[in-house]
Protein chains: 2
Amino acid sequence: MSPIPTAEARALRVAVADDAVLFREGLTRLLTEAGFAVTAAVGDAGALLASVAADPPDVAVVDIRMPPTHTTEGLEAARALRERHPGTGVLVLSAHVETGYALQLVDGGTTGAGYLLKERVADLAELRDAVRRVAAGGVVVDPGVVATLVGRRRVHSPLDALSEREREVLAVMAEGRSNQAIGEQLFLSQKTVEAYVRSVFTKLGLHQAADDNRRVLAVLAFLRH
Amino acid sequence: MSPIPTAEARALRVAVADDAVLFREGLTRLLTEAGFAVTAAVGDAGALLASVAADPPDVAVVDIRMPPTHTTEGLEAARALRERHPGTGVLVLSAHVETGYALQLVDGGTTGAGYLLKERVADLAELRDAVRRVAAGGVVVDPGVVATLVGRRRVHSPLDALSEREREVLAVMAEGRSNQAIGEQLFLSQKTVEAYVRSVFTKLGLHQAADDNRRVLAVLAFLRH
DNA sequence: CTGCGGTACCGGGTTGACCCTGTACCCCCG
DNA sequence: CGGGGGTACAGGGTCAACCCGGTACCGCAG
């Protein structure tokens, strides 16, 4: 294409990791066009770690969801990267809001990291700036993520009111297990399980009503997160 | 049913619609690189329809999820496009498997349409071929989608074994209602509701076990579709 | 230091969710 | 025409899932 030398004396080196070929290749073109040198474009976390070890870039742009489990390999890889190669910045791309990592970013006094939502990147300049700032040791977090984080503080889900143990009981309950099985799994007596179940109901605002099966309602609330 | 031109006398004209800037711009670069002329790159269904009306391309590549509701605007736009501009092929891109549209594609004796999964496109040649075949009036469906469609025919969900009434009872049960409320809502006696609930359990293969709460398990099975 | 919330347990009670058996009517298929 | 499946109901039983009240220990914030 047209590798335009910008203000940089040397182009920033970027590695791209995303299992979707279309997105990965498209992103590679966009980064190249924006003046970065794409040193690697890989499809899974293992290949990313290998390529960074072999030829450390300034920034790794990583999708969260990757093979084999398609859940949070990208996050694991990002963590590993930050430990083994502190000199390489990590810019995580996510399809949806995953507050967990974003929180870790803010909490840990981190440098050289970022978290953007794929769909929220408004223009190419935003991407270019994010990569540059991460390369320079800055922290970039999508404003949409920040908003939901702040918002969630106020509009707290009723599940937040549950204690650790109550949440554990509810989690097993949501797998369709009986009180007896919950007790066996969490090493609790029947009576204690019953007490926790009742506590969960009251904290979720589920009062005794002839029309409701509160156990199912609690499970539904749990599944809604 | 037309012959596919391998060496194009004129470049095929393609319009791209996707609300995510990164993906849209990346895709635009890839299509251009593959020898297509991208006539428009827009971010919502309305803009797509307008641009196709103003300057009809050979193929429109459309993402399903777009503003404002971020659900299936892309599908609506695809339908509208096929009615108003039969000469323009429509290649739908989806993030996840949405069997509905894929089925319509196969059923309707359609020509010049396609359905690909963003993440399943293995290489750029696959995309290029898909666009060409849709432009030539062919039908392209992602093999993964075909597999799940065919698979779903054979590996029928246990829910298929339920009768109409049993499914209705289960549906109300899945809203967290008690047997009493189910009876009131469906105009059934308590005893009849109980009979249906038991019938649902047996048909779903949920036998009495001290470790399970079958009501919750049945609801979970129902929610999994 | 007092009190509150979380954790953990018990005895004793009620009831809704389940079990089985049996009846009845309908429709459709072989 | 008999039988299987769906729909609908009742009697009569068991038990897991709930209720309440009470005890106990811990840590921590006021």
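What counts and what doesn't
Residues numbered from 1 in each chain as written. Chains lettered and ligands numbered in written order. Predicted model: local features only at pLDDT ≥ 70, side-chain atom pairs only at ≥ 80, totals over all residues. Heavy atoms only, no water. Helix = DSSP H or I, 4+ residues; strand = E, 2+ residues; numbered from the N terminus. Buried < 20%, exposed > 50% of the residue type's maximum accessible area, 1.4 Å probe, protein only. Contact = heavy atoms within 4.5 Å. Areas by Shrake-Rupley, 256 points an atom, 1.4 Å probe, with all protein chains shown as cover. Pairing = 2+ DSSP bridges. Near = heavy atom within 4 Å. Polar contact = N/O pair within 3.5 Å; in protein donor to acceptor, adjacent residues only side chain to side chain. Least-squares fit on C-alpha atoms with pLDDT ≥ 70 in both. Nonpolar A, V, L, I, M, F, W, Y, C, P; charged D, E, K, R; others polar. Axes fitted to C-alpha atoms, helices over the stretch in contact; angles between N-to-C directions. 1 Å grid on protein atoms, 1.4 Å probe; cavity = no way out; pocket = protein on both sides within 12 Å on 5 of 7 lines; lining within 4 Å. Points joined across faces, edges and corners; volume = space filled by probe spheres on them.

Novice: I'm lost on the overall build of chain A in this one. Help?
Specialist: Along the backbone of chain A there are 10 helices and 6 strands. Taking all 225 residues of chain A together, the buried fraction comes to 47%. Sequence-distant contacts, at least 24 apart, represent 62% of the contacts inside chain A between residues at least 6 apart. With an accessible surface of roughly 10600 Å², chain A has 56% of that area assigned to carbon and sulfur atoms.

Novice: What is the right way to look at the pairing of strand 4 (residues 89–94) of chain B in this model?
Specialist: Consecutive side chains of a regular strand alternate in pointing toward one face of the sheet and then the other. Residues and elements named next belong to chain B. Within strand 4, 6 of the 6 residues are buried, which leaves the element mostly enclosed by the surrounding structure. Here strand 4 pairs with strand 5 (residues 113–117) via 5 bridges, running parallel. Each bridged residue has a counterpart across the sheet, and for Ser 94 the counterpart in strand 5 is Leu 117.

Novice: Can you walk me through helix 8 (residues 179–186) of chain A in this structure?
Specialist: Along an α-helix, a turn takes 3.6 residues, which lines up residues three or four apart on a common side. Residues and elements named next belong to chain A. Among all positions of helix 8, only Ala 181, Ile 182, Gly 183 and Leu 186 are buried. Residues of helix 8 that are buried sit in contact with helix 7 (164–173), helix 9 (190–203) and helix 10 (214–223). Note on helix 8: the residue one or two positions beyond its end, Phe 187, has a positive phi of about 55 degrees.

Novice: Explanation requested: the protein's contact with DNA strand D in the structure shown.
Specialist: Near DNA strand D lie 19 residues; those nearest to it are Arg198(A), Arg214(A), Ser163(B), Arg165(B) and Lys191(B). Protein-adjacent atoms of DNA strand D, using a 4 Å cutoff, are sugar or phosphate at a proportion of 64%. Between a phosphate oxygen of DNA strand D and a main-chain N or O atom of Asn179(A), the distance comes to 3.3 Å. Ser189(B) is positioned with one of its backbone polar atoms (N or O) 2.9 Å from a phosphate oxygen of DNA strand D. Going through the elements one at a time, helix 9 and helix 10 of chain A together with helix 7 (164–173) and helix 9 (190–203) of chain B are the ones with two or more residues in the surface near DNA strand D.

Novice: How should I be thinking about the relation of the copies chain A and chain B in this particular structure?
Specialist: In this arrangement, two copies of a chain are superimposed by a rotation about an axis accompanied by a shift along the axis. Relative to chain B, chain A is turned by 179 degrees and slid 0.2 Å along the rotation axis, the superposed coordinates differing by an RMSD of 2.2 Å. These values place the two chain copies in the arrangement generated by a two-fold rotation axis. Scanning chain A for the C-alpha nearest the rotation axis identifies Gly26(A), at a separation of 2.0 Å. A share of 97% of interface residues in chain A that are also interface residues in chain B marks the association as one of identical surfaces.

Novice: How should I be thinking about the protein's contact with DNA strand C in this particular structure?
Specialist: Ser163(A), Arg165(A), Lys191(A), Arg198(B) and Arg214(B) are the nearest of the 18 residues found near DNA strand C. The sugar-phosphate backbone supplies 63% of the atoms of DNA strand C found within 4 Å of the protein. Contact between DNA strand C and Asn179(B): a phosphate oxygen at 3.5 Å from a main-chain N or O atom of the residue. With respect to DNA strand C, the side chain of Arg215(B) contributes an N or O atom lying 2.9 Å from a phosphate oxygen. If you list the elements that add at least two residues to the surface near DNA strand C, you get helix 7 and helix 9 of chain A together with helix 9 and helix 10 (214–223) of chain B. Among the elements that line the surface near DNA strand C, the one with the most residues is helix 9 of chain B, at 5 residues. Here the surface near DNA strand C is composed, by residue class, of 4 nonpolar, 5 polar and 9 charged.

Novice: What am I meant to see in the side chain of Thr28(A) here?
Specialist: All names here are of chain A. Looking at the element boundaries, Thr 28 is found in helix 1 (residues 21–33). We classify Thr 28 as buried; its relative accessible area is 12%. Looking at Thr 28, its side chain comes within polar contact range of the main-chain oxygen of Arg 24, at 2.7 Å. In contact with Thr 28, not counting residues within four places along its chain, are Val 16, Val 38 and Ala 41.

Novice: Sorry if this is basic, but what is going on with the sheet that holds strand 6 (residues 139–141) of chain B here?
Specialist: Backbone-to-backbone hydrogen bonds pair the strands of a sheet. The strands run either parallel or antiparallel. All names here are of chain B. What the 6 strands build is an open sheet, ordered 2-1-3-4-5-6; its pairing is parallel. Two strands in the sheet have a free side with no partner beyond their single neighbour: strand 2 (37–42) and strand 6. Neighbour to neighbour, the strand axes of the sheet diverge by 20 degrees on average, direction disregarded. This element, helix 1 (residues 21–33), spans strand 1 (13–17), strand 2, strand 3 (59–63) and strand 4 of the sheet and lies at about 175 degrees to strand 2. Helix 3 (residues 73–84) contacts strand 3, strand 4 and strand 5 of the sheet and is inclined by roughly 170 degrees relative to strand 4.

Novice: Would you take a moment to explain empty space enclosed by the protein for this structure?
Specialist: It is the rolling of a water-molecule-sized probe over the atoms that shows where space remains empty. Enumeration over the complete set of coordinates arrives at 2 cavities of 30 Å³ or more. Here the largest cavity defines a volume of roughly 60 Å³. Lining of the largest cavity is provided by Leu22(A), Phe23(A), Gly26(A), Leu27(A), Leu30(A), Leu22(B), Phe23(B), Gly26(B), Leu27(B) and Leu30(B). For the lining of the largest cavity, the secondary-structure elements that each account for two or more residues are helix 1 of chain A together with helix 1 of chain B. Tallied by class, the residues present in the lining of the largest cavity amount to 8 nonpolar, 2 polar and no charged.

Novice: Help me understand unusual backbone geometry in this model?
Specialist: Negative phi characterises most residues that are not glycine, and trans characterises most peptide bonds. All names here are of chain A. Positive phi, normally seen in glycine, also occurs at Phe 187, with a value near 55 degrees. With respect to the helices and strands, the residue Phe 187 is situated in the loop between helix 8 and helix 9. Residue classification places Phe 187 among the exposed positions, given a relative accessible area of 75%.

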